[in-house]
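Fold and geometry: a report
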Amino acid sequence: MRATHSKKVGTGSNKRSEKLNVHIRNSGKTNLQLIRSIGNMIGYKKSLSEWQCLSEVKMGRGSPIPPMPRQKIVEQYQKGVSQRKIAKSLKLSSSTVHNIIQRFRESGTISVRKGKGWKIRLDARDLRALRWHCITYRNATVMEITTWAQEYFQKTLSVNTIHRAIRRCRLKPYLSKKKPYLNLILKHRCFLWAKAHLKWTVAKWKTVLWSDKSKFEVLFGKLGRHVIRTKEDKDNPSCYQHSVQKPASLMVWGCMSACGMGSLHIWIGTINAERYMQVLEQHMLPSRCRLFQGRPCIFQHDNARPHTASITTSWLRRRRIRVLKWPACSPDLSPIENIWRIIKRNMRLRRPKTAEQLEACIRQEWDNIPIPKLEQLVSSVPRHLQTIIKRRVDATQW
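Residues numbered from 1 in each chain as written. Predicted model: local features only at pLDDT ≥ 70, side-chain atom pairs only at ≥ 80, totals over all residues. Heavy atoms only, no water.

1. With respect to the overall build of the chain
- Scanning the chain from terminus to terminus reveals 18 helices and 4 strands.
- Burial statistics for the chain: of 398 residues in total, 33% are counted as buried.
- Summarising the internal contacts of the chain: among those between residues at least 6 apart in sequence, 67% fall at separations of at least 24.
- For the chain, the exposed surface amounts to about 27500 Å²; the carbon and sulfur share of it is 53%. (Helix = DSSP H or I, 4+ residues; strand = E, 2+ residues; numbered from the N terminus. Buried < 20%, exposed > 50% of the residue type's maximum accessible area, 1.4 Å probe, protein only. Contact = heavy atoms within 4.5 Å. Areas by Shrake-Rupley, 256 points an atom, 1.4 Å probe, with all protein chains shown as cover.)

2. Some details on the sheet that holds strand β2 (residues 249-257)
- Taken together, 4 strands build an open sheet; the order of strands is β3-β2-β1-β4 and the sheet is mixed. For this open sheet the edge positions go to β3 (260-267) and β4 (298-300), each flanked by a neighbour on one side alone. Across the sheet, the axes of successive neighbouring strands diverge by a mean angle of 20°, strand direction being ignored.
- Pairing between strand β1 (residues 208-217) and β2: 8 bridges, direction antiparallel. Bridging across to β2, Trp210 finds its partner in Met256.
- Docked against the sheet, helix α15 (residues 336-350) engages β1, β2 and β3, running at close to 30° with respect to β1.
- Strands β1, β2 and β3 of the sheet are contacted by helix α17 (residues 371-379), whose axis makes an angle of about 90° with β3. (Pairing = 2+ DSSP bridges. Axes fitted to C-alpha atoms, helices over the stretch in contact; angles between N-to-C directions.)

3. Considering the state of the cysteines
- Taken as a whole and judged by the stated rule, the model has 0 disulfides.
- The thiol sulfur of Cys289 is not disulfide-bonded, and the nearest other cysteine sulfur, from Cys297, lies at 8.5 Å.
- Residue classification places Cys289 among the exposed residues on the basis of a relative accessible area of 54%. (Disulfide = S-S within 2.5 Å.)

4. So, the packing of aromatic side chains
- Inspection of the entire model under this criterion finds 10 aromatic pairs.
- Centroid distance Trp210 to Trp326: 6.0 Å. Interplanar angle 80°. Geometry classified as edge-to-face. Of this pair, Trp210 sits in strand β1 while Trp326 sits in the loop between α14 (310-318) and α15, and the two are 116 residues apart along the sequence.
- Of the residues examined, Trp210 reaches a relative accessible area of 0% and is grouped as buried.
- Among the residues examined, Trp326 registers a relative accessible area of 10% and is labelled buried.
- The structure contains a cluster of three or more aromatic residues connected by ring pairs, namely Trp193, Trp200, Trp205, Trp210 and Trp326.
- We note Lys344 situated over the ring of Phe216; from NZ or CZ to the ring centre the distance is 5.4 Å. (Phe/Tyr/Trp six-rings, centres within 6.5 Å; stacked < 30°, edge-to-face > 60°. Lys NZ or Arg CZ within 6 Å of the ring centre and 35° of its normal.)

5. Focus: the nonpolar core
- One finds Trp205, Trp210 and Ile339 to be the most contacted residues of the largest nonpolar core, which totals 37 residues.
- The set of elements that each furnish at least two residues to this core consists of α10 (184-196), β1, β2, β3, α15, α16 (355-367), α17 and α18 (381-390).
- Broken down by element, this core gets its largest block of residues, 6 residues, from α15.
- If we ignore the near neighbours within four places in the chain, the residues touching Ile339 are Met256, Met261, Trp366, Ile369, Leu374 and Leu377.
- In this structure, Trp267, Val279, Phe299 and Leu316 belong to the second largest nonpolar core, which totals 17 residues. (Core = buried A, V, L, I, M, F, W, Y, C linked by side-chain atoms within 4.5 Å.)

6. Brief notes about the packing of helix α4 (residues 67-78) against helix α6 (residues 94-107)
- With their axes 10 Å apart at the nearest point, α4 and α6 run at an angle of 75° to one another. Considered as vectors, α4 and α6 are oriented roughly perpendicular to each other. Judged by residue contacts, Arg70, Ile73, Val74, Tyr77 and Gln78 of α4 engage Val97, Ile100, Ile101, Phe104 and Arg105 from α6.
- Looking at side-chain class alone, the contact of α4 with α6 contains 7 nonpolar, 1 polar and 2 charged residues. (Parallel < 35°, antiparallel > 145°, perpendicular 65-115°, else oblique. Nonpolar A, V, L, I, M, F, W, Y, C, P; charged D, E, K, R; others polar.)

7. Thoughts on unusual backbone geometry
- Although it is not a glycine, Lys91 adopts a positive phi angle of roughly 60°.
- On the accessibility criterion, Lys91 (67% relative accessible area) is exposed.
- Positive phi outside glycine occurs at Gln154, with the angle close to 55°.

8. Some details on the packing of α15 against α16
- Closest axis-to-axis distance for the α15/α16 pair is 10 Å, and the angle between their directions is 130°. Relative to α16, α15 is oriented oblique. Taken as a pair, α15 and α16 cross one another with a handedness that is right-handed. Residues Ile336, Ile339, Trp340, Ile343, Asn346, Met347 and Arg350 of α15 lie in contact with α16, whose contacting residues are Leu358, Cys361, Ile362, Gln364, Glu365 and Trp366. (Left-handed = near helix turned anticlockwise from the far one by under 90°.)

9. Section: the layout of surface pockets
- As a volume, the second largest pocket reaches approximately 700 Å³.
- Taken together, 18 residues form the lining of the second largest pocket, with Arg138, Asn139, Lys172, Pro173 and Tyr174 sitting closest to its centre.
- Of all the elements in the fold, those that place two or more residues in the lining of the second largest pocket are α7 (124-136) and α8 (142-153).
- Classifying every residue of the lining of the second largest pocket gives 11 nonpolar, 3 polar and 4 charged. (1 Å grid on protein atoms, 1.4 Å probe; cavity = no way out; pocket = protein on both sides within 12 Å on 5 of 7 lines; lining within 4 Å. Points joined across faces, edges and corners; volume = space filled by probe spheres on them.)

In structure tokens:
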């Protein structure tokens, strides 16, 4: 008898499920109408608001109970209905009904308690130790920091966990700036030079004719070292950074002052003292006369070998050109370095393809530098000197 009864029940349930599937396939109604029609077929009566609530909330594993069933649980509990009957009438587990009632007893609300989320592996004390280690060893990689953290904290930590912990310490991996190396002797000489010129006013710095040379290359391939991609796109050709072994390049010499931009010269071949004197004769002297118009000025150049050669210094002395003594390996003190940086940044946007296009773009960008920008750069030299003295000749931010 039991087997016959179970077979009939199974046959009826199968027919009902088949009828339900046919009704779902053939129905072209909205989700709310579909849910209500299914409920009518299985003999389940609910109000419109309850069907609206069930249609909006996805009841998955671990999902919270909607507010309306929670309200019904509390109402029946206040009427004296037992938890088992409440769970049976609403087709919920007894533990769920118990937790909702317990929540209502403790806080007087039926709102869903906020989840605790992932358990934090490193507490505040561990984060302080991690921050100290990262600041002490700034050049360490995230993998090396992870290895140290596993040994120090005696915990199983992944690279992603350490990366998130570093961000919680208000730190973030960046590309380090490139600065010239200075030994103790060069640092002491630069400190003495900054101390000797600290009393110079901005008006005196505006009488300096700044000069320097820089190298420009034709850019190929993608811009920058970083690319936005997924983990699987690492071998996608659009995510590569193509490089050329010997790209076309130009060596450019130029001079400037707070009054305006001087002449620009494109070097061809090697640079020696004789050719450097020709550049000074053809470009520096006309720029000096045009910018200062006979007023006294000071010429500045770095300590490269063609600049400090005996024939070059004797030529400057015969011309009665006053030269500003310059500390070695100090490109961050010259305002013209910022001019080169501005031009190179604009070159990345224009992206010339040949050496001729590169030269034309350099000359155009050189002429487009406004005079207020030059005055701003020259006026910042005293702040550079103060930073050098404050940092004891360590690398500055310029």
